[in-house]
Amino acid sequence: MAAEFHPPSLSDFFPPAILFEGTPFELDRLMLVRILMTVVLIAFFALAMRSPKIVPRGIQNIGEIALGFVKDQIANEVLGKEQGKRFLPVIATIFFAVLFLNVSGIIPFINISSNARVGMPIVLAALAYVVFNYVGIKKYGFFKYVKSSIVVPGVPIAMHVLLIPIEFISTFILRPFTLTVRLMANMLAGHIMLVLFFSATQFFFFEAAAGMKVFGIFSLVAGFGFTLFEMLVIFLQAYVFALLTAVYIDLALHADSH
């Protein structure tokens with residue numbers, strides 16, 4: 001009798017507890033992956049910047065190129081040099097947190113991104129949400145900021161009945177929601193596809209009937225190709241999340257220019 005193929009499922013993202021089960025500090029596999037990649041991120045920049053030189057070499061060069069990309073292509077590009085420098089720490093934090101947590105999805109023996117479960121995307125979206133609203137409220141005051149964000153000038157008064165609720169939902173509800181869902185859904189879909197291809201490869205090569213083993217070659221090639229595509233998605237998700245954060249900060253800074 002041929003072996004049975006078990007496809008990936010959402011249960012992959014809710015594994016059993018490994019440490020501190022039944023306590024508020026319970027840790028499962030995804031939480032441990034999240035902690036591991038956070039440690040790797042901190043260690044990378046600690047090593048890169050431990051003794052910076054005027055002419056960077058080695059890991060310092062990589063770190064400076066990465067930071068330079070975020071500074072020049074996201075923060076300064078959207079906010080300008082003055083405001084870009086001001087908000088670079090939060091934008092860079094979001095970019096590298098998303099990037100490193102995503103990278104675990106293609107590392108052998110880890111093979112899952114903790115951003116594929118909604119917790120961390122919510123935290124990152126909440127950080128962006130708090131920052132851009134704080135910026136707007138600090139500059140304009142609460143009521144003027146909210147009014148400037150939801151009232152579209154130069155339209156007939158009757159249209160405000162329709163436009164104000166739309167602008168309110170778009171600015172204060174959909175922004176964090178879309179940031180969260182976009183990141184989570186992309187990484188969840190990517191994980192499921194990779195697991196599907198490589199578990200199918202294992203099934204065809206080691207468990208399926210002899211006549212079906214040839215299909216393992218096709219699933220292996222597809223899995224490798226999708227891994228390359230996933231590498232692009234990993235970077236793009238970090239870029240888009242950080243870019244939208246910068247855009248939302250810029251919109252808050254210029255809320256009166258709605």
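- Per an unreviewed UniProt entry, the chain goes by ATP synthase subunit a and derives from Rhodococcoides corynebacterioides.
- A UniProt comment under Sequence similarities (unreviewed entry) is attached to the chain, and it reads "Belongs to the ATPase A chain family."
- Taken from UniProt, the Function (unreviewed entry) comment for the chain reads in full: "Key component of the proton channel; it plays a direct role in the translocation of protons across the membrane."

1. Overview of helix 3 (residues 119-140)
In an α-helix, one turn spans 3.6 residues, which is why side chains three or four residues apart end up on the same side.
For step 1, the next point in the chain: For helix 3, which comprises 22 residues, the first-to-last C-alpha distance of 32 Å matches the rise-based estimate of 32 Å (1.5 Å per residue) to within 8%.
For step 2, the next point in the chain: Those residues of helix 3 that fall on the buried side of the exposure criterion are Met120, Pro121, Leu124, Ala125, Ala128, Val131, Phe132, Asn133, Val135, Gly136 and Tyr140.
For step 3, the next point in the chain: One or two positions beyond helix 3, positive phi appears at Gly141, with a value near 90°.

2. What to know about the pattern of salt bridges
For step 1, the next point in the chain: Counting across every chain of the model gives 2 salt bridges.
For step 2, the next point in the chain: For Asp28, the salt bridge goes to Arg117, with nearest N and O atoms at 2.8 Å. Highlighted residues: Asp28 in strand 2 (residues 27-28) and Arg117 in the loop between helix 2 (58-103) and helix 3, separated in sequence by 89 residues.
For step 3, the next point in the chain: Judged by its relative accessible area of 9%, Asp28 is buried.
For step 4, the next point in the chain: Note on Arg117: relative accessible area 14%, which makes it buried.
For step 5, the next point in the chain: With its nearest N and O atoms 3.0 Å apart, the salt bridge here joins Lys71 to Asp72.

3. So, the nonpolar core
For step 1, the next point in the chain: Phe87, Ile91, Phe96 and Ile249 are the most contacted members of the largest nonpolar core, which has 53 residues in total.
For step 2, the next point in the chain: Of all elements in the fold, only helix 1 (29-48), helix 2, helix 3, helix 4 (142-150), helix 5 (160-207) and helix 6 (215-253) reach the threshold of two or more residues within this core.
For step 3, the next point in the chain: For this core, the element with the most residues is helix 2, which contributes 17 residues.
For step 4, the next point in the chain: When residues no more than four places from it in sequence are discounted, the contact partners of Ile249 are Leu79, Phe87, Val90, Val131, Phe132 and Val135.

4. Points about the packing of helix 3 against helix 4
For step 1, the next point in the chain: The contact between helix 3 and helix 4 brings their axes to 7 Å, and the two run at 115°. For helix 3 against helix 4, the interelement crossing comes out right-handed. In contact with Phe132, Asn133, Gly136, Ile137 and Tyr140 of helix 3, helix 4 contributes Phe142, Lys144 and Tyr145.
For step 2, the next point in the chain: Residue composition of the contact of helix 3 with helix 4, grouped by class: 5 nonpolar, 2 polar and 1 charged.

5. Describing the packing of aromatic side chains
For step 1, the next point in the chain: Across all of its chains, the model carries 19 aromatic pairs by this definition.
For step 2, the next point in the chain: When the centroid spacing of 6.2 Å and the interplanar angle of 15° are considered together, the rings of Phe235 and Tyr239 count as stacked. With Phe235 and Tyr239 both in helix 6 and 4 residues apart, the pair spans about one turn of that helix.
For step 3, the next point in the chain: Assessed through its relative accessible area of 33%, Phe235 is described here as partly exposed.
For step 4, the next point in the chain: Joined through ring pairs, the aromatic side chains of Phe44, Phe45, Phe69, Phe95, Phe96, Phe100, Phe235 and Tyr239 make up one cluster.

6. Examining the environment of Met49
For step 1, the next point in the chain: As for its placement among the helices and strands, Met49 is situated in the loop between helix 1 and helix 2.
For step 2, the next point in the chain: A relative accessible area of 30% places Met49 in the partly exposed class.
For step 3, the next point in the chain: Ignoring any residue separated from it by four or fewer positions in sequence, one finds Met49 in contact with Gly63, Glu64 and Leu67.

Analysis parameters
Residues numbered from 1 in each chain as written. Predicted model: local features only at pLDDT ≥ 70, side-chain atom pairs only at ≥ 80, totals over all residues. Heavy atoms only, no water. UniProt positions renumbered as here; feature names shortened; annotations may be inferred. Helix = DSSP H or I, 4+ residues; strand = E, 2+ residues; numbered from the N terminus. Expected span 1.5 Å × (residues − 1). Buried < 20%, exposed > 50% of the residue type's maximum accessible area, 1.4 Å probe, protein only. Salt bridge = Lys/Arg side-chain N within 4 Å of Asp/Glu carboxyl O. Core = buried A, V, L, I, M, F, W, Y, C linked by side-chain atoms within 4.5 Å. Contact = heavy atoms within 4.5 Å. Axes fitted to C-alpha atoms, helices over the stretch in contact; angles between N-to-C directions. Left-handed = near helix turned anticlockwise from the far one by under 90°. Nonpolar A, V, L, I, M, F, W, Y, C, P; charged D, E, K, R; others polar. Phe/Tyr/Trp six-rings, centres within 6.5 Å; stacked < 30°, edge-to-face > 60°.

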